[in-house]
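Each chain is listed here by its residues.
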Amino acid sequence: MHSVEIAPNIYWVGYVDWNVRDFHGYKTHAGTTYNAYLVIDEKIALIDTVKAGHEEALLRNIRERIDPAAIDYIVSNHTEPDHSSSVVSMLKHAPRAQIVASPRGEKGLRHYYPGDWNCQIVKSGDTISLGKLTLSFIETPMLHWPDSMFTYVPQERLLFSMDAFGQHLASSERLDRHNDLEVVMAEAKTYYANILMHLGSVTSRTLKQADELAIQMIAPSHGVIWTEHIPEIIKAYQQWSSYTPARKALVIYDTMWGSTELMANAMVEAFGQEAIPVKLLRLTNNDLTLLATEMLDAAAVAVGSPTLNNTMLPTVAAFLTYMKGLKPKNTLGMAFGSFGWRGGAVDEAANLMKEAGMEMAVDSVSCAYRPDATTYQRCRERVAELAGHIRDITTE
Ligand code: FEO
């Protein structure tokens, strides 16, 4: 992928990683991009870099436009290594460049990449003039690391937003209008759910900061650049960060000998009778990335586990542990499952669901060995109760 001019004298010079499928556990089934940008003026700035191992592609793209030795500034908007791990090594090719980072960004970079290099620390409101163009910095702490910041170019109304508004999506086209919007929005939702779900209030605050800027382009660090569909992605972020539940239920479960699955199937059928849209998701068949995305706007979730060795199945524990970190809000919950001679899983699941922030709206259902007519009746009753709560908190 070659460099692409995205605004006058501003170029995408990053790397499209078509083959990456794992991003610290996030299943990147559509690959990703590490977006770096070159701003050429009387002075030259490189905004972010690429994941280590892809420096040659970055350098090739830069050389299409300038000699890397001419770079004056390397701005590190975010210290996570998918963006920062080539920052310091770039100094070999851009020896006169000054690294620019937020106060916590500078600290993070020194931890990760110790050495004798200088850094210009910038805070919100600070600017660097490149000539006609200005780099203006806005700290966005905890969106999603303490070091995170935006870089804004007022003359072009261009916001370099690092991870915010990004998508793990490899594509041959850099701009939103040249991509399938449905695909881009789906990947943006997956990204938000898995990286930012627990940061709703920080995201809302940052959206208000962004609202004060005139923006005609948002250039994130992953995926496509927003030009024509900025209102759509801003509206989606407002909705996601406010934890607005959709009229949708999930039945997420795993099973040993089919009993918990029979209960899960009965509950799906009962949600259908209640006219509540529902999805049945077996943990062994669905990765955590997809499940977190489904959880983002689910009004309710029923989590099912049989008891194995007096506890939950490991797949159920892994899912709930992941959700404990992502802290869903406005999600109603219930637990269910089967056991043999001694239970344990259902209560443990219910406790972990509470710890993850779900409101246990109805009692759990459990059964010994195989669900019987009484068990199915309880499942239907709990679902009917849950459906009433869902109708109370959602609109069709
Ligand atoms: Fe794309 Fe938080 O790194």
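Given the structure is predicted, the values throughout are model-derived calculations rather than measurements. Residue numbers run consecutively from 1 along every chain, following the written order of its sequence. Where totals are concerned, whole chains, interfaces and linings use all residues; where local detail is concerned, this predicted model gives features only for residues with pLDDT of at least 70, and gives and counts side-chain atom pairs only at 80 or more. Computation of side-chain values covers all heavy atoms of the structure but excludes hydrogens and water.

**Student:** Honestly, the overall build of the protein chain in this entry has me stumped. Any pointers?
**Tutor:** A count of helical and extended segments in the protein chain gives 11 helices and 22 strands. Dimensions of the protein chain along its principal axes, counting C-alpha atoms only, are 80 × 40 × 35 Å. The buried label applies to any residue whose accessible area, calculated with a 1.4 Å probe on protein chains only, is under 20% of its type's maximum; exposed applies above 50%, and partly exposed to all values in between. Looking at the protein chain as a whole, 58% of its 396 residues qualify as buried. For the protein chain, long-range pairs separated by at least 24 residues make up 71% of all intrachain contacts whose partners lie at least 6 apart in sequence. On the protein chain, roughly 16200 Å² of surface is accessible, and the fraction owed to carbon and sulfur atoms is 50%. Segments assigned H or I by DSSP are reported as helices when at least four residues long, segments assigned E as strands when at least two residues long, and all are numbered from the N terminus. Throughout, a contact is declared for two residues whenever any of their heavy atoms are within 4.5 Å. Using a 1.4 Å probe, the Shrake-Rupley method yields the accessible areas, and only the shown protein chains count as cover for residues.

**Student:** Please explain the packing of aromatic side chains as it appears in this structure.
**Tutor:** Put simply, two rings from Phe, Tyr or Trp (the six-membered ring, in Trp's case) pair if the centres are within 6.5 Å, and we call them stacked under 30 degrees between planes, edge-to-face over 60, tilted for the rest. Throughout the structure, instances matching the rule amount to eight aromatic pairs. On the basis of an interplanar angle of 75° and a centroid distance of 5.1 Å, the ring pair of Tyr192 and Tyr237 is categorised as edge-to-face. Taken together, the residues span a long stretch of sequence, with Tyr192 in helix α4 (residues 181–196) and Tyr237 in helix α6 (residues 230–241) at a distance of 45 residues. In this structure Tyr192 comes out as buried when scored by relative accessible area, which is 0%. Measuring from centroid to centroid gives 5.7 Å for Tyr237 and Trp240, while their planes differ by 55°, and the two rings are tilted. On the criterion of helical spacing, the pair formed by Tyr237 and Trp240 is a turn pair, its members being three residues apart in helix α6. Classification of Trp240 by relative accessible area gives buried; the value is 9%. Here the aromatic cluster, defined as three or more aromatic residues joined through ring pairs, consists of Phe165, Tyr192, Tyr237 and Trp240. We note Arg110 situated over the ring of Trp117; from NZ or CZ to the ring centre the distance is 4.0 Å. Our definition puts a charge over a ring when NZ of Lys or CZ of Arg is within 6 Å of the ring centre and also within 35 degrees of the ring normal. The cationic tip of Arg174 hangs over the ring face of Trp12; the distance from NZ or CZ to the ring centre is 4.7 Å.

**Student:** Just to check I follow, could you spell out the layout of surface pockets for this structure?
**Tutor:** Where empty space is left can be seen by rolling a probe of water-molecule size over the atoms. Empty space within the largest pocket amounts to approximately 320 Å³. Every residue lining the largest pocket is counted, 18 residues in all, and those nearest its centre are Met256, Thr307, Phe339, Gly340 and Trp341. Of all the secondary-structure elements, those providing two or more residues to the lining of the largest pocket are α7 (259–273) and β20 (332–339). Among the residues making up the lining of the largest pocket, the classes are represented as seven nonpolar, nine polar and two charged. Of the grid points, spaced at 1 Å and generated over the protein atoms alone, those admitting a 1.4 Å probe that cannot get out make up cavities, while open sets with protein on both sides within 12 Å along at least five of seven lines make up pockets; any residue with an atom within 4 Å of a point is treated as lining. Grid points are joined across faces, edges and corners, and a volume is the space filled by probe spheres set on the points. Asp, Glu, Lys and Arg are counted as charged, while Ala, Val, Leu, Ile, Met, Phe, Trp, Tyr, Cys and Pro are counted as nonpolar; the rest, among them Gly, fall into the polar class.

**Student:** Looking at this structure, I do not really get the nonpolar core. What am I missing?
**Tutor:** Generally speaking, soluble globular proteins have nonpolar side chains that are buried together. Here, the term nonpolar core denotes a set of buried Ala, Val, Leu, Ile, Met, Phe, Trp, Tyr and Cys residues that are joined through side-chain atoms within 4.5 Å. Core analysis: the largest hydrophobic core is formed by 60 residues, its most contacted members being Trp226, Ile252, Met295, Phe319, Leu320 and Met323. Residue contributions to this core peak at eight residues, all from α4.

**Student:** Could you clarify how one ought to interpret the side chain of Asn77 in this entry?
**Tutor:** In this structure, Asn77 sits in the loop between β9 (73–76) and α2 (81–84). Among residues more than four places away in sequence, those in contact with Asn77 are Ile47, Asp48, Asp147, Ser148, Met149, Phe150, Thr151, Phe160 and Met162.

Treat this as a map of the structure, not an account of what it does.
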